[in-house]
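Results of the structural survey
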Amino acid sequence: MTALPAALHETLGPLGHGLQLTLAMTAIAFGGALALGVLLAVCRISPVPPLRALGTAYVTVFRNVPLLVLLVLFVFGLPDVGLLFSLFATVTLTMALYWAAFVCEVLRAGIRTVPLGQAEAARALGLTATQSIRHIILPQALRSMVQPLANVFIAVALSTSLAAAVGVAEMTGQAQFVTLKYDQPLTSFAATTVVYVLITLTSGLIAGRIERKVAIRR
């Protein structure tokens, strides 16, 4: 076995495990960010001033703090206040909280594309604000949100690499491990780069297909 195939064999195993963690973190963090982002967007457009202020404060804080700073703060700060979670759970939760602010702004921008008359018509039909948002506004707004939400998903996937800085053995962390153990930085990080590019391109292609299908249904 030549040096290159041997290096590949030694690299792909750990990177495969790291890829599983990366995909799991991405899916869970994006799902959490999407759920929380919807609630924040509702707060941001709410006619109730305290809710609007709460949503605005959340988005302002989380959009203006680097994710790495939040990761360090949560990973090392939560145990100090008696909140003990696994490293994976802590990092994934932090990412969900962070990216929820960006999802919120995507949703709010999408909601603004819906004509005001739609909300007025919903009120005329006797729908509550929650029913109007759920059944009338959001379904129409989602048509303009597909690509921006896909961009957030891609950003979440790429930002999982920051988890390596706080000790999570996701793909970048495994690449660092392989580099230290086998002295193969070029092989490990080249393979990691290819995987990240594939994740990004695949996400973009899927988003494009969804966007076209949504456009056809208009």
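Residues numbered from 1 in each chain as written. Predicted model: local features only at pLDDT ≥ 70, side-chain atom pairs only at ≥ 80, totals over all residues. Heavy atoms only, no water.

**A look at the overall build of the protein**
Spelled out, the test is: The helix count covers DSSP runs of H or I at least four residues long, the strand count covers runs of E at least two residues long, and both are numbered beginning at the N terminus. To sort residues, take the accessible area from a 1.4 Å probe on protein chains only and compare it with the maximum for the residue type: under 20% means buried, over 50% means exposed, and anything in between is partly exposed. A contact between two residues is defined here by any heavy atoms of the two lying within 4.5 Å. With residues, only the protein chains shown are counted as cover, and all accessible areas are computed by Shrake-Rupley using a 1.4 Å probe. A positive count includes Lys and Arg, and a negative count includes Asp and Glu. His and the chain ends are not counted in either. A single reference atom marks each charge: NZ on Lys, CZ on Arg, CG on Asp, CD on Glu.
When helices and strands are tallied, the protein shows nine helices and zero strands. When its C-alpha atoms are laid out on the principal axes, the protein stretches across 75 × 50 × 20 Å. Scored against the burial criterion, the 218 residues of the protein give a buried share of 39%. Long-range contacts, defined as pairs at least 24 residues apart, comprise 77% of the intrachain contacts of the protein with a sequence gap of at least 6. As displayed, the protein has an accessible area near 12000 Å², and 70% of this comes from carbon and sulfur atoms. Looking at the protein, you have 14 positive and 7 negative side-chain charges, and the mean spots of the two groups are 18 Å apart.

**A look at the packing of aromatic side chains**
Selection rule: The aromatic pairing rule takes the rings of Phe, Tyr and Trp, using the six-membered ring of Trp, and pairs them if the centres are within 6.5 Å, calling planes under 30 degrees apart stacked, those over 60 edge-to-face and the rest tilted.
Counted according to the given criterion, the structure contains five aromatic pairs. With 5.2 Å between their ring centres and 85° between their planes, F30 and F153 make a pair best called edge-to-face. Of this pair, F30 sits in helix α1 (residues 3–44) while F153 sits in helix α7 (residues 146–159); the two residues are 123 residues apart in sequence, bridging distant segments of the chain. Look at F30 and you get buried, because its relative accessible area is 15%. By relative accessible area, F153 is classed as partly exposed at 24%. Measuring from ring centre to ring centre gives 5.2 Å for Y98 and F102, while their planes differ by 50°; the resulting arrangement is tilted.

**So, helix α4 (residues 87–112)**
To keep things clear, this is the line we draw: Multiplying 1.5 Å by the helix residue count minus one yields the expected span of that helix. To get the bend at a residue, fit one axis to the 7 residues ending there and another to the 7 starting there, then take the angle between the axes.
The terminal C-alpha atoms of α4, which comprises 26 residues, lie 38 Å apart, in line with the 38 Å expected from a rise of 1.5 Å per residue. At A100, α4 is deflected by roughly 30°, the largest bend along its length. α4 sits mainly inside the fold: 19 of its 26 residues count as buried.

**Looking at the pattern of salt bridges**
Stated precisely, the cut-off is as follows: Every case where a carboxyl oxygen of Asp or Glu lies within 4 Å of a side-chain nitrogen of Lys or Arg is listed as a salt bridge.
For the coordinates displayed, the defined rule picks out three salt bridges. A salt bridge links E105 to R44, with the nearest nitrogen and oxygen atoms 3.1 Å apart. Taken as a pair, E105 in helix α4 and R44 in helix α1 lie far apart in primary sequence, 61 residues in all. Each member of the pair, E105 as well as R44, is classed as buried. We note a salt bridge from E105 to R63, for which the minimum N-O separation is 3.8 Å. Of this pair, E105 sits in helix α4 while R63 sits in helix α2 (residues 49–63); the two residues are 42 residues apart in sequence, bridging distant segments of the chain. A single network of salt bridges, built from pairs that share partners, joins R44, R63, E105 and R108.

**Quick notes on the nonpolar core**
Defined as follows: Working definition of a nonpolar core: buried Ala, Val, Leu, Ile, Met, Phe, Trp, Tyr and Cys residues. They are joined through side-chain atoms within 4.5 Å.
Counting 39 residues, the largest nonpolar core has V91, M95, W99, M145, V152 and V156 as its most contacted members. Considering every element that reaches this core, the biggest residue donor is α4, with twelve residues. Of all hydrophobic cores here, the second largest spans five residues; its members include M171, A175, A191 and Y196.

**Focus: the environment of L162**
In this structure, L162 sits in the loop between α7 and α8 (171–182). Distance in space between the C-alpha atoms of L162 and V91 is 9.5 Å, their sequence separation being 71 residues. Ignoring sequence-local partners within four residues, the contact set of L162 consists of L67, L68 and L71.

**Here we look at the packing of helix α3 (residues 67–77) against α4**
What counts here: All axes here are fitted lines through C-alpha atoms, helices being fitted over the stretch that makes contact, and every angle between N-to-C directions spans 0 to 180 degrees. Reported orientations rely on four angle classes, namely roughly parallel under 35 degrees, roughly antiparallel over 145, roughly perpendicular from 65 to 115, and oblique for the rest. The crossing is said to be left-handed when, going from far helix to near helix, the turn is anticlockwise and less than a right angle, and right-handed when the turn is clockwise. Gly is put with the polar residues, along with every residue not named as nonpolar or charged; the nonpolar set is Ala, Val, Leu, Ile, Met, Phe, Trp, Tyr, Cys and Pro, and the charged set is Asp, Glu, Lys and Arg.
In contact at an axis separation of 9 Å, α3 and α4 are set at 140° when each is read in the N-to-C sense. In terms of orientation, α3 lies oblique with respect to α4. In this structure, α3 meets α4 at a crossing whose hand is right-handed. Residues L67, L70, L71, F74 and V75 of α3 pack against L87, T90, V91, T94, M95, L97, Y98 and W99 of α4. In the contact of α3 with α4, the residues fall into eleven nonpolar, two polar and no charged.

Any link to function would need more than the numbers given here.
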